[in-house]
Amino acid sequence: MRHLALPFYCTIIVGLLLALLVRAIYIDAASILLPVGGVIAYFTWCGVGDLVQSWPAFREQMR
C-alpha cells in the first residue's frame, strides 16, 4: 500500500485547498483565487503523475 501514499496525500491536500478556495469565493477574497488555483493544479498534476507511475507496482503487489 506504500505505493499509493503520495497520491493519497496529494488528494488530501487538494481537498483542503478546494475547501479554502470555496471559502475564499464565499468571502470574496479574489486575491488568493489564482495562487490557490495554481497550487491545486500542481498537486493534482503531481498526484496523478505518481499514481500512473506507481499503479503497476501496486497492482502486482495485490496479486
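As a starting point, this report considers the structure included with it. (Residues numbered from 1 in each chain as written. Predicted model: local features only at pLDDT ≥ 70, side-chain atom pairs only at ≥ 80, totals over all residues. Heavy atoms only, no water.)

Turning our eyes to something else, we now look at the state of the cysteines. With the rule as written, the count across this model stands at zero disulfides. Cysteine Cys10 remains unbridged, with the sulfur of Cys46 as its closest cysteine sulfur at 6.0 Å. Residue classification places Cys10 among the buried residues on the basis of a relative accessible area of 5%. (Disulfide = S-S within 2.5 Å. Buried < 20%, exposed > 50% of the residue type's maximum accessible area, 1.4 Å probe, protein only.)

Our focus in this paragraph is unusual backbone geometry. In this structure, Asp28 is a non-glycine residue whose phi angle is positive, near 60°. Positionally, Asp28 belongs in the loop between helix H1 (5-26) and helix H2 (33-62). On the basis of relative accessibility, which here comes to 65%, the residue Asp28 falls in the exposed class. (Helix = DSSP H or I, 4+ residues; strand = E, 2+ residues; numbered from the N terminus.)

Positionally, Leu33 belongs in helix H2. When its relative accessible area of 30% is taken as the criterion, Leu33 is described as partly exposed. Linking Leu33 and Val22, residues eleven residues apart in sequence, is a C-alpha distance of 9.4 Å.

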